[in-house]
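# Working through the structure, step by step
Residues per chain, in single letters:
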Amino acid sequence: AFCTMSQSVAFKVDNPEARARFRRNSLASNGSEAPDPWDLVKTVSLRYADVKARSGRFPQTEVRGRVLQLIHKFDGWILAGVVGFLSAVSGCVITKGVNYVAKVRTGVPWSNWEPWADYFGIADEKHLVGYAAYVMAAIVFASLSAFFVRQFAPKARGSGIPEVKTILGGFMMDEVLSAKTLAIKCLGLALSTGAGMSLGKEGPLVHVACCWANILSNFTVKYSHHEGKRREMLSAAAAAGVSTAFGAPLGGVLFSYEEVSTHFQQWVMWKAFFAAVIACVTLQAIDINNDHHLTEYTVKYDQYVALVEYIPFFFLGALSGIFGATFIALNTRYTRLRITDEYKKKVPIIFEVGAISAVTALSSYWFTFLNPIMSGVIHDCFESCNVNATHSVEQMEAASSVGLCDPNGPQGLNMDSGLFLQLGIAAMLKLLQTSLTFGTGVPAGLFVPSLFMGAVMGRATGHAMAWVNASVWTFSDQGVEPGIYAMVGAAAMLGGVCRVTISITVIMFELTGGLSYVVPFMVSILTAKVVGDTLNEGIYDSYIKIRKYPFLHDMDTAHPAFATQTIDHVMEDTVYSVPLYGNTVGSLLAQLDKYRFHGFPLLASKQHRILLGYLHADDVRAYLEHLLSLGVAGCNESSPVVFKDIELRGNPFVEIEEAKSPRTGRSPTPGRRGSGNRRGGRSLEVPRKVTSFRSVALAVWFMTRGRRFAGDGGERDVDLSELVDYTVHRLVPETHLEQVHKIFLTLGIRMVFVTRHGFLKGVLTKKNYLQYVADHHDDDENKAKEPLDRFHELARRKSTLRHIKNKKDMYPEVGAFSRNSLQAPLLSNDIEDQGNDLSAPVIVQRPFVKVGDAAAASGENEGTQPRGYRRTLSSHEHNSGAFADVLPGGRGLL
């Protein structure tokens, strides 16, 4: 978003220089406060990327042109296949690394994995040496993972799925999908997961696959500069990542559609499925576990599920929903504390990760279900204790290794009460461990910890139902298989944490081979989602809000604002623009440098604000700078900039005034391209069909060597008609926000202009609209707050004067408090009368005075009492060149 006087950096181009200035100004004004993550995310226009891509055409007659067309047609499929292959290879490498690091915790790698106590010749009957080695190795490997992430790629922390969702929603985030992030992500996953921390490697594989897609897109013609096409490939890569993690190509496609992607067309689904299939075929070929299975969770069951067993399935779903909501509440509360500046100063990231790994290792070593790697325990919980045609002795022994089976028990099951206690303790400890771990400074996923908690709860429920069937009421002649309950519980817990339904169902039956149990999966997952949604949001949406990423969710039609508000209530009506006449190369470059916007609307004149089109700043700057750098004769900073293709004479809405030409002093005569020169000068025109990613070089070459520049070498006009974007979206002021929401969500555009009969009235950017939606959501949640607290939160959120002025209608007590207690015309009409900019940002500089403060009300203690308010320049305004006006009053409150 681009061209308003708002303070929000959503209106600024996100480049390294701007970010550096912003950080320096923030540190200078706020001590050590880091920039808001919201401000560092740049909006992209998927529509304009598509327009630019269509403007470049390959030659139709030459053999080379036909070859390029063929490559252009199939490069998407080739790229999707390569992404799927590399994702699977990366997953196998990470798995090998995890297994190696995990074995180091219990044995010596250079002595054939001999236990540490035996290697040093120490009698370790109480396992104290093994315990110490187990804990120390966990601390070292986890700390190494945190060090690499902090030092080389901070964006590699976490699962990466919230960042991928934000990028696919139409935004750009630096370094999230870079090669450096990819390398550190893989290395960090192997170290942190192998160290035994309560996290998984499956979720981050989505991030790994998207990194591969982003890197490889830079080597193709179609995807390198086309943000829309690039995001299509990222959606396909997300499917390949899930397919690599679970060996579930169908579930991967559905997960990309249901949870990750914002735009998912039919051709994207085909490429996503192709990438997922290639990933599965690669996993099958590598066969990293040497068992001819895609995953280590595969089991076989042909047990019939009795109708009465759906009652415990519903119970598992409800319990998983409560567990999932509890985990989200605990984890997000700790994460909000973790991201504060005070916490960061007191607790370094590496120390925090080392402490968490130490707590995890100390609390896990003595427990049978927590000591091994989680994936192995999950598979043991899925196994049966019966030896029959579908279950071998080896499989039964695997379940027996963790105490689940007893040959003397009913159906070979262990019915000891101590087992139920161990399973319950394992679930509770894993819940607490994961609440501490997820969100810390290492790559971390949630899929495996969620499957673990659900599997142990389901296994306990299955053993209880088996006891009921054997001792109390025989409701199934075939008996009860607790492994089925473990699979259902794992699916329910994953749904309770991630809040996805269809894709998790498909992933689970592909993961376990339990196609016969799709209905129990559906019942438990849907129950978990319904229960969890009544308590809080899903984990990924919660992290998007915690990290302040701009993301447009599906429309909430129940919100009253969508039914009553129109776009003119939320648009910015102060817009920087470029007039049709009176521009020179130097003045246009100066305006581009002064205001770091993505572009400017092209208007008929300053008086007659007819919207003619839009000039994208990057295209105009690159073209003009290259033109000046080549030293074309007659072209300098004083050369006029014209738009020959725009004909305004005869427009019924405006009578064009005499616009003085900057060189001739006469009114220029607009005409069509190639209409000749004026006063002996010549026109430097942008050739048609070259405004794609190679437009600058091709245009400069054409102009400097073309026949049109032969002549007297007189001063030339610079025609920018071909750089005008005529396809910007226009809406009328009466457009309801429901329609605006659909436009932003489905079209992937960056902004919409508000016009009346062709006259520009304002602009609404995607990020400003997101901020408006967030404000209304917060207002609904905070209506019970005290007026002082609510007003403090409005100012703390970098609100504008117009925003706070509008709050008077929504919260009358805020207006009364501001006028009566602060003795400032903050919410009165005097603000506009005094010529103050309503888009001016307001920030809190001093603490508020309580409403009941007698000294403040009586005007005493003038040295300490706030008397009015003052607008202070923020770092964003310093960057944009805006000015600050001081409002009436003495000491600054705002």
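Before reading further, recall that the structure is shown in the block above.
Every chain begins its residue count from 1, and numbering advances along the sequence as written. pLDDT decides what is reported in this predicted model: residues at 70 or higher carry local features, side-chain atom pairs at 80 or more are listed and counted, and totals for whole chains, interfaces and linings draw on all residues regardless. The side-chain quantities take in all heavy atoms of the structure and omit both hydrogens and water.

### Comments concerning the packing of aromatic side chains
Between rings of Phe, Tyr and Trp, where Trp is taken as its six-membered ring, a pair exists when centres lie within 6.5 Å; planes separated by under 30 degrees are stacked, by over 60 edge-to-face, and by other angles tilted. Summed over the entire model, instances satisfying the criterion amount to 27 aromatic pairs. The interplanar angle of 35 degrees and the centroid separation of 5.5 Å between the aromatic rings of phenylalanine 246 and phenylalanine 447 together place this pair among those described as tilted. Of this pair, phenylalanine 246 sits in helix H10 (residues 227-246) while phenylalanine 447 sits in helix H19 (residues 447-471), and the two are 201 residues apart along the sequence. Of the two residues, phenylalanine 246 and phenylalanine 447, both sit in the buried class. Among the aromatic residues, ring-to-ring pairing joins Trp110, Trp116, Tyr119 and Phe120 into one connected group. Placement of a charge over a ring requires the Lys NZ or Arg CZ to be within 6 Å of the ring centre, with the centre-to-atom vector within 35 degrees of the ring normal. Taking the ring centre of phenylalanine 452 as reference, the NZ or CZ of lysine 430 above it sits at 5.2 Å. Secondary structure elements are defined from DSSP: runs of H or I of at least 4 residues count as helices, runs of E of at least 2 residues count as strands, and each element is numbered from the N terminus. The buried label goes to any residue with under 20% of its type's maximum accessible area, the exposed label to any with over 50%, and the partly exposed label to all in between, with areas taken from a 1.4 Å probe on protein chains only.

### Things to note about the side chain of serine 217
With respect to the helices and strands, serine 217 occurs in helix H8 (residues 204-217). Here serine 217 falls in the buried class, since its relative accessible area comes to 0%. N or O atoms within 3.5 Å of each other form a polar contact, as long as, within protein, one can give a hydrogen and the other can take it, and as long as residues adjacent in sequence are counted only when both atoms are side-chain atoms. Among the polar contacts made by the side chain of serine 217, one reaches the main-chain carbonyl oxygen of alanine 213 at a distance of 2.6 Å. Any two residues whose heavy atoms approach within 4.5 Å at even a single point are treated as in contact. Residues contacting serine 217, with those up to four places away along its chain left out, are Leu79, Tyr223, Ser224, Arg230 and Met233.

### Notes on the side chain of serine 178
With respect to the helices, strands and loops of the structure, serine 178 is situated in the loop between strand E4 (171-172) and helix H7 (179-194). Looking at serine 178, its side chain comes within polar contact range of the side chain of glutamate 175, at 3.2 Å. Look past the residues within four positions of serine 178 in its chain and what remains in contact with it is Cys211 and Ile215.

### Examining the pairing of strand E14 (residues 751-756)
Side-chain direction in a regular strand flips from residue to residue, so the side chains alternate between the two faces of the sheet. Counting buried positions along E14 yields five of six residues, so the element is predominantly enclosed. The handedness of the strand E13 (residues 730-731) to E14 crossover, carried by helix H28 (residues 737-747), is right-handed. With antiparallel pairing between neighbouring strands as the criterion, E14 and strand E15 (residues 759-765) make up a hairpin whose turn holds two residues, including histidine 757 at a positive phi of roughly 55 degrees. Looking down the strands as they point away from you, a crossover is right-handed if its path from the first strand over the helix to the second goes clockwise. Pairs of strands are assigned from DSSP output, requiring at least two bridges between the strands.

### Some thoughts on the state of the cysteines
Any two cysteine sulfur atoms lying within 2.5 Å of each other are counted as a disulfide. Applying the stated criterion across every chain, the model contains one disulfide. The partner cysteine of cysteine 385 in its disulfide is cysteine 405, sulfur to sulfur 1.9 Å. Linking cysteine 385 and cysteine 405, the disulfide has an S-S dihedral of approximately -85 degrees and is accordingly described as left-handed. On the criterion of sequence distance, the pair formed by cysteine 385 in the loop between helix H16 (374-382) and helix H17 (393-400) and cysteine 405 in the loop between H17 and helix H18 (417-437) is long-range, its members being 20 residues apart. Here the two residues cysteine 385 and cysteine 405 agree in accessibility, since each one is buried. A disulfide-free cysteine, cysteine 211 has its sulfur positioned 7.3 Å from the sulfur of cysteine 210, the nearest such atom.

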